[in-house]
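# Architecture at a glance
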Amino acid sequence: MSRIGSGGLAEARRLHASGVEHNNAGHPLRAIRLFRRALALPVLAAGVSSEARLVAARIWISLAMSESEIGGLERGLADLAEAEQLVELTEHPALSALLHLQNGYIQVRAGHFEAGLAHLDSAVALLDHAEPAHACNILINRGSLQLYRGQLGAARQDLIRSAELAARHGLRVEEFKARHNLGYLEFLAGNLALALKTMDDAQAINAEVSLAVALLDRARVLLEAGLYRESDDVLIEAAALFRADRLHKELAEVELTRAECALLDGEIAAARRLAATARDRFRRRSNDRWRRDAELVLLHADLAAGRPGGRLAGPALRLAGEFRGEGLETQARTSQLIAAEALLRAGHTEQARTVAGEAGPVRAADPVSARLHTRLVRARLSIASRDTATARREIRTGLSELAHHQAQFGSIDLQTASAVHGRQLVELDVSLALAQGRPAGVLAAIERGRATSSRLPRVSAPSDPVVADLLAALRRAGEALRTISSDASAAEQASAQRRRVAELQRELRARSWQAAGSGSAPQPASLEQIEAELSRTGAALACFFDVGGVLNAVVLTGTRSRIVAIGSSAMVSELVRRVRADLDVLASRRLPSAMLATVCATLNRSLASLAEVLLVPLELGDDRVVIVPTGVLATLPWTNLAPMRGRPVVVAPSATAWLAASARGPGRADGPVVAVAGPHLAHSEQEVRAIGKAWPGARVLARGSRDELVSALSSAAVVHVAAHGQHHADNPLFSQIQLTDGPLFAYELDHTSLAAEHVVLSACELGQATIRAGDEALGLTSVLLRLGSRSVISGVARVPDDVAAEVMTRYHAALARGLDSASALAGACAASTTPAPFVCFGATW
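My aim in this report is to walk through the structure given alongside it, one point at a time. (Residues numbered from 1 in each chain as written. Predicted model: local features only at pLDDT ≥ 70, side-chain atom pairs only at ≥ 80, totals over all residues. Heavy atoms only, no water.)

This paragraph deals with the overall build of the protein. Check the secondary structure of the protein and you find 36 helices and 16 strands. In terms of overall size, the protein behaves like a compact globule, its C-alpha atoms giving a radius of gyration of 31 Å where 845 residues would be expected to give roughly 28 Å. Its C-alpha atoms put the protein at 105 × 65 × 50 Å along the principal axes. In the protein, which comprises 845 residues, the share counted as buried stands at 57%. For the protein, long-range pairs separated by at least 24 residues make up 71% of all intrachain contacts whose partners lie at least 6 apart in sequence. Carbon and sulfur atoms make up 52% of the accessible area of the protein, which amounts to about 33700 Å² in all. In the protein, which carries 93 positive and 90 negative side-chain charges, the distance between the mean positions of the two groups comes to 2 Å. (Helix = DSSP H or I, 4+ residues; strand = E, 2+ residues; numbered from the N terminus. Rg over C-alpha atoms; globule rule 2.2 N^0.38 Å. Buried < 20%, exposed > 50% of the residue type's maximum accessible area, 1.4 Å probe, protein only. Contact = heavy atoms within 4.5 Å. Areas by Shrake-Rupley, 256 points an atom, 1.4 Å probe, with all protein chains shown as cover. Lys, Arg positive; Asp, Glu negative; His and termini not counted. Charge placed at Lys NZ, Arg CZ, Asp CG, Glu CD.)

This part takes up the state of the cysteines. By the definition in use, this model includes 0 disulfides. There is no disulfide at C543, and the cysteine sulfur nearest it, in C840, is 18 Å away. (Disulfide = S-S within 2.5 Å.)

On to the pattern of salt bridges. Counting across every chain of the model gives 56 salt bridges. Between R36 and E67 there is a salt bridge; the shortest N-O distance is 3.2 Å. Of this pair, R36 sits in helix α2 (residues 28-39) while E67 sits in helix α4 (residues 50-71), and the two are 31 residues apart along the sequence. Here E67 falls in the buried class, since its relative accessible area comes to 5%. A salt bridge links E757 to R664, with the nearest nitrogen and oxygen atoms 3.0 Å apart. With E757 in the loop between α33 (746-749) and β12 (758-761) and R664 in the loop between α30 (655-662) and β6 (673-677), the pair connects residues that are 93 residues apart, well separated along the chain. (Salt bridge = Lys/Arg side-chain N within 4 Å of Asp/Glu carboxyl O.)

Looking now at the nonpolar core. Ranked by internal contacts, the top residues of the largest apolar core, which has 67 residues, are L541, Y811 and F838. Among the elements that make up this core, the one with the highest residue count is helix α35 (residues 801-816) (7 residues). Ignoring any residue separated from it by four or fewer positions in sequence, one finds F838 in contact with T639, L761, S762, I793, S794, G795, V799, A804, V807, M808, L825 and C829. Of all hydrophobic cores here, the second largest spans 51 residues; its members include L34, A52, A110 and F113. (Core = buried A, V, L, I, M, F, W, Y, C linked by side-chain atoms within 4.5 Å.)

Let us now look at the sheet that holds strand β11 (residues 742-745). Within the open sheet, the 3 strands sit side by side as β9-β10-β11. Their pairing is antiparallel. Looking at strand neighbours, the two that pair on one side only are β9 (725-726) and β11, the edges of this open sheet. Sheet topology places strand β10 (residues 736-739) next to β11; 4 bridges connect them, and they run antiparallel. Across the sheet, L739 pairs through a bridge with G742, a residue of β11. In the packing of helix α32 (residues 706-715) onto the sheet, the strands contacted are β10 and β11, and the crossing angle to β11 comes to about 30 degrees. (Pairing = 2+ DSSP bridges. Axes fitted to C-alpha atoms, helices over the stretch in contact; angles between N-to-C directions.)

Compared with an ideal rise of 1.5 Å per residue, which puts 13 residues at 18 Å, helix α17 (residues 313-325) spans 19 Å between its outermost C-alpha atoms and is within 8% of the ideal. Its buried side turned inward, α17 meets α16 (288-304) and α18 (329-345). Count one or two residues on from α17 and you reach G327, which has phi positive near 80 degrees. (Expected span 1.5 Å × (residues − 1).)

With that settled, the discussion passes to the packing of aromatic side chains. Under the criterion given, the structure shown has 7 aromatic pairs. A centroid spacing of 6.2 Å and a plane angle of 45 degrees characterise the contact between Y148 and W290, whose relative ring orientation is tilted. Here the residue Y148 occupies a position in helix α8 (residues 132-148), and W290 occupies one in helix α16, the gap between them amounting to 142 residues. Through a chain of ring-to-ring contacts, three or more aromatic side chains come together here, namely F113, Y148, F282 and W290. (Phe/Tyr/Trp six-rings, centres within 6.5 Å; stacked < 30°, edge-to-face > 60°.)

A separate point is the pairing of β10. By the bridge criterion, 2 bridges tie β9 to β10 in an arrangement that is antiparallel. Each bridged residue has a counterpart across the sheet, and for G725 the counterpart in β10 is I737. From the end of β10 to the start of β11, which pair antiparallel, there are 2 residues.

Bringing unusual backbone geometry into the picture now. The phi angle at R386 is positive, at roughly 60 degrees, despite the residue not being glycine. One can find R386 in the loop between α20 (368-384) and α21 (388-407). At D775, a residue that is not glycine, the phi angle is positive and equals roughly 50 degrees. Relative to the helices and strands, D775 is located in the loop between β13 (770-772) and β14 (776-778).

Further remarks concern the packing of helix α23 (residues 423-436) against helix α24 (residues 439-449). Describing two packed helices takes the angle between their axes plus the distance from one axis to the other. Contact geometry for α23 and α24: axes closest at 8 Å, N-to-C directions at 175 degrees. Between α23 and α24, the angle falls in the class roughly antiparallel. Residues V426, D429, V430, A433 and L434 of α23 form the contact with α24, whose participating residues are G441, V442, A445, I446, R448 and G449. (Parallel < 35°, antiparallel > 145°, perpendicular 65-115°, else oblique.)

This next bit is on empty space enclosed by the protein. Per the counting criterion, the structure on display carries 6 cavities of 30 Å³ or more. Of the volumes computed, that of the second largest cavity is approximately 70 Å³. Considering the residues around the second largest cavity, the lining is formed by H180, M199, D200, Q203, L211, A214, L215 and R218. Residue assignment for the lining of the second largest cavity shows that the elements contributing at least two residues are α11 (192-203) and α12 (212-224). Grouping the constituent residues of the lining of the second largest cavity by class yields 4 nonpolar, 2 polar and 2 charged. (1 Å grid on protein atoms, 1.4 Å probe; cavity = no way out; pocket = protein on both sides within 12 Å on 5 of 7 lines; lining within 4 Å. Points joined across faces, edges and corners; volume = space filled by probe spheres on them. Nonpolar A, V, L, I, M, F, W, Y, C, P; charged D, E, K, R; others polar.)

Take the side chain of S821 next. Here S821 is to be found in helix α36 (residues 821-830). For S821, a relative accessible area of 0% corresponds to the buried category.

The subject of this paragraph is the pairing of strand β16 (residues 838-842). Burial runs high along β16: 5 of the 5 residues are buried. With 5 bridges connecting them, strand β15 (residues 791-795) and β16 associate as antiparallel partners. Residue pairing for β16: V792 is matched across the bridge by F841.

Before going further, it helps to spend a moment on the packing of helix α14 (residues 248-264) against α16. Between α14 and α16, whose axes approach to 10 Å, the crossing angle comes to 20 degrees. As far as their axial angle goes, α16 and α14 are roughly parallel. Classified by chirality, the crossing of α16 by α14 is left-handed. On the side of α14, the interface is formed by K249, E253, L256, A259, E260 and L263, while α16 contributes W290, D293, A294, V297, H300, A301 and A304. Along the lines of polarity and charge, the residues of the contact of α14 with α16 split into 8 nonpolar, 1 polar and 4 charged. (Left-handed = near helix turned anticlockwise from the far one by under 90°.)

A rise of 1.5 Å per residue sets the reference length of helix α9 (residues 152-168), with its 17 residues, at 24 Å; its end C-alpha atoms lie 24 Å apart and thus fit the reference within 8%. A155, D158, L159, S162, A163, L165 and A166 are the residues of α9 that are buried. Around the axis of α9, the buried residues are gathered within 165 degrees of arc, so they sit on the same side. Seen from the open side of α9, the exposed residues pointing more than 90 degrees away from its buried face are Q157 and R168. Buried residues along α9 sit against α8 and α10 (172-188). Count one or two residues on from α9 and you reach G170, which has phi positive near 65 degrees. (Arc of directions from axis to C-beta.)

Below, the structure written as structure tokens:
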């Protein structure tokens, strides 16, 4: 009998160990089947020996964890009650620690934080008796609860202690969890770049564990960084993993976070649907804690959808009380502010002010999105009370907080993306200034919220050997895709290759997100400073902005400033789209004559309409012009508009950026000129050799490589590139210049330390940019300007090779004679019989 009993216990232990592995890997259903088989073994069912009771207790504890994942709190607690009876009989301190751990874990998951913390504290008291893996998990779970309650210092101590203990004992799964949670701690502390780096470092441990929770946490960080679409992609991946293992509570968390992504993207109906689905899932599991979070997001969506405020204030105030009862001050404050907004919408201004006042002060530890929401509500309430001074103060403080938030990132990707959190504050700031009718006030409001990344100090990223390998793999994948993309028989292979390219691009972007910024955000330029530089350079400035779908401009000419209402933004956007489409068609030299005439006629009509709408009302006189565009105007070929033909025009991301570039030292820096030609262009070698003749001593690279171009950008005064170019609207940091040894990506340049004073990109469409919130432009040209180039010439549409060569030969001849870049480009484009959509970006050189 003893041999049979011993064998039965060995089988029970084997089944238990296998079940634990499955549960740790995120497969609770498989684990449950194994645990039930073990408990059904006769040796455990009899439960006669103390050893059998110990084994059975462990299995009941493990079963409780798995069943709580699937069936909720009651089933888990029932299993633990079975385990507790056995533990009391054994008087085993290690098993008591494990029992408290699982009790705490299950209570916390159900939203019962106080009960959960009491059990976890009891487990920590028994930590010296616990097995190493259990000790690590006790500390991880208590640390995670402290994170949620905002007790970051205590959480850090527990998580570091757990990570060190796990590393000593070679427990890779536990070390991964502890270090990943330390990344989440940095997220809660507002250190988003460090959070992403810490999470990536944890993932490099390569623990055999489901990554679903890690993906969910990473998505939350990306959302706070403003990358809401990237966050949603990660959440969809996490949802598939949770759904496969029937982890409904975590699946509801994914849906809730996707609802927040949809809100930030302006997809209000999708946000309501996702939040409502998540709420219902939490409600079915009696998880009131998470149900409240879902109701809060649903109220946000209802408010954004324009529902009557009278219906929303009551539920928001009820939620505020419930959150406050749980000690969750950030959520309580957000609920209170939603109630205040709802009351304001219903016309109860005084009551709204009272409710907002009860929300309490802004806390530096709150996420930037919560802080900016507080500023926004306070500003709206002040405007309703006709206290515009307080409203302006709240707006300016909020935008200053946003600028410092952007400055924490070293990556231009995150700097530009995070501007989305201030979108409503910027709109309110400009609307308030416009209502007062003062051009100086409107320009100041525009500058506070526009292209903030362009005034942040440049921080060089440290060398990362992984990046070089990923870039090499990306080039190989891109070349492989190029060779098979037109082969219909290789469609499946091409699809797989596209997925590989997208995966590599995602990995590279994720590496760049880890870079930390300077943390400092200089103030925008004043009107006096801008006017002084305009006077010195003899230029007029037109700064365009949109309010409520209406395009306007602040115009500064000499000592005169004024605000001009232009018209429908949608109409102007459509005209710009038509112009660029017609220019792309004209770039083909194989058009039948009849089609060519038709396209030319439609192009000329659209250009004439744009000139009439955009320029005639501005009365810019004959001065040289600085254009500060908004939206699609950033990619309009301004030199092709009749009033601008032959006239020096500069396009800058903001007046502050133009001033910084224009006022930077002497107009020209001494240094070499380098002209680089790329492959597969009929006239590129001819073009760069002509440029070499214009500049005695210039270095001509008729078959330029990536390294040669990067070297030239860091050492020459003028760099000219005649090569194929491509802007990727969906992934602008992978816009590229095609060189002899493959493409050079904008991503790579963002990781270098400086750029030439003047860069000319005689390539198709590299002046295009993806425009994010706050008129943050992202593309190859914007990266060069950020690196320090004073002036960049690039095309905003496709350009015929022969036209580019002709225009650029004339351009450099004029530049070498002493003309500035804007004047030289104006003359070169005006002399072309074919429209040449080149634009001078930044400032003159």
